[in-house]
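So you can see what is in the structure, the chains are spelled out below.
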Amino acid sequence: MKMNIKNKRVLVTGAAGLLGKQLVPILVSHGYQVTALDVRKVIFVSARSIQADFSDEKVMLPLLKNTDLVFHLAAEIGVDNCRLNPEKVIRVNFDDTKVFFENCINSGVKRIVFSSSSEVYGDSDDVPFKENGKLSPYSIYGKNKVLIENYLKELQANSNVTVGIVRFFNVYGPGQKDDFVVPIFINNCFANLSITVHGDGQQTRCFTYVADAAMGLFKMGLYESTKYEIVNIGRNVEYTMMDLAKSVKKAIPNSTSEIILQPYGLGGVRSSNMEVKRRVPSINKAKTLLGFEAITPLEDGIRETVSHIMLNTSK
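Residues numbered from 1 in each chain as written. Predicted model: local features only at pLDDT ≥ 70, side-chain atom pairs only at ≥ 80, totals over all residues. Heavy atoms only, no water.

Enquirer: What is the right way to look at the sheet that holds strand β4 (residues 69-72) in this model?
Expert: Within a sheet, each strand pairs with its neighbour through backbone hydrogen bonds, oriented either parallel or antiparallel. Strand order in this open sheet of seven strands is β3-β2-β1-β4-β5-β6-β11, and the pairing throughout is parallel. Looking at which strands have only one partner, the edges of the open sheet turn out to be β3 (48-51) and β11 (228-233). Across this sheet, the average inter-strand angle for adjacent strands is 15°, counted without regard to direction. Bridge count for strand β1 (residues 9-13) against strand β2 (residues 33-38) is five bridges, and the pairing is parallel. Bridge pairing in β2 links Val 10 to Val 34. Along the sheet, helix α5 (residues 140-157) makes contact with β5 (111-117), β6 (162-168) and β11, crossing β5 at roughly 160°. Packing of helix α7 (residues 210-222) onto the sheet brings it into contact with β4, β5, β6 and β11, and relative to β6 it is tilted by some 165°. (Pairing = 2+ DSSP bridges. Helix = DSSP H or I, 4+ residues; strand = E, 2+ residues; numbered from the N terminus. Axes fitted to C-alpha atoms, helices over the stretch in contact; angles between N-to-C directions. Contact = heavy atoms within 4.5 Å.)

Structure representation (C-alpha cells):
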C-alpha cells in the first residue's frame, strides 16, 4: 500500500453518522488535517467541524479547493426509509452526489473514497459476492449506488483523480440510528417488547462491527496503487436473523422479550420480493489490496453496543 497522503487535507462528509464518528478520530490520530461535515451538529477533538449540507456549493466550493482526499459518506440510508422516500433518495444519493463529485474534480481533489453498499448485489445467487460479480439491486438505494459507482468510473477516466469504492456489509455498532435492525432488537429487548423477525428468520447476513468497517475505510483512503478500485468491506461469517435475535437476548439476560416471526407483507413489513436471502462478501480483495480483515465476532459487537446504550441511558 502506498501511504503518500499523510498529513494532507481530508474532508469527511456524513461525519456525524455511524462510520464518520469512527473514521474521523482514526484520521486525526494518524496526523491528517481533517474537516468533518454533516447536516447535523458534529464536534470532534482536533478536527474542524462544519454543520452544512454537502450539496451547499457556497460552503463546499471553497472547502474543496483546500482538500486532497474526500471520504463521501453522506447519503439517505435505511431500507425502509429509502423505500418510502424514493424521490429524496434519487435527489440526495444520485443528483446531489453527482454534482458534488464534479465539484471535487474541478477543485483539484486528488482522491475520492465513496461509501457504497452490499445492496448493489441484490439477491444474486453468486455467493460469496465478488466485486466483479453480478449486480442486481432491488432497492432504489442499491440502484443509485450502482449509478454513482459507474459515474465515478467515467469521472476517473477523464481526470487525474483516483477513486476507491467500498461496499459495506451490514455495519452496526454503538451510535447507530434506532431504525436499523440491531438497535431495534436491542431497544425492544431493554423495553421487554417482542423482538420481531421477518419471514422464517433464516435469511442470513454478515454483520460488520463499525470499528472494523471504519478501519477498512481508512485503509481504502491510503490505497492508491490503482486509479479505480472497488473493495468489499465486511466479515464473511453468516448469521441468520434468528441468530441475531438470540445474540441480543443473550446480551440482555434479564429481558423478558420473546422472539416472534412476522410474515412478509403484513403489519408494515416489506414484501418477500424485497428480501435478500443471503448476503455474504468475498473478502479476498480486501485482504490482498488493503491488508484488511474484519475480525469482531457478532457476539462481541453486540455486547459492546449494549454496553454503550446502557452507559448513555444511565447518564
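Text resumes after the structure shown.
Enquirer: What should I look at first to understand the packing of aromatic side chains in this one?
Expert: Working definition: an aromatic ring pair is given by the centre-to-centre distance plus the angle between the planes. A complete count under the given rule lists nine aromatic pairs for this structure. When the ring of Phe 54 is compared with that of Phe 100, the centres are 5.5 Å apart and the planes differ by 80°; the resulting orientation is edge-to-face. Highlighted residues: Phe 54 in the loop between β3 and α2 (57-64) and Phe 100 in helix α4 (residues 86-106), separated in sequence by 46 residues. Phe 100 sits in the buried class, given a relative accessible area of 2%. (Phe/Tyr/Trp six-rings, centres within 6.5 Å; stacked < 30°, edge-to-face > 60°. Buried < 20%, exposed > 50% of the residue type's maximum accessible area, 1.4 Å probe, protein only.)

No statement about biological role is implied by the geometric values presented.
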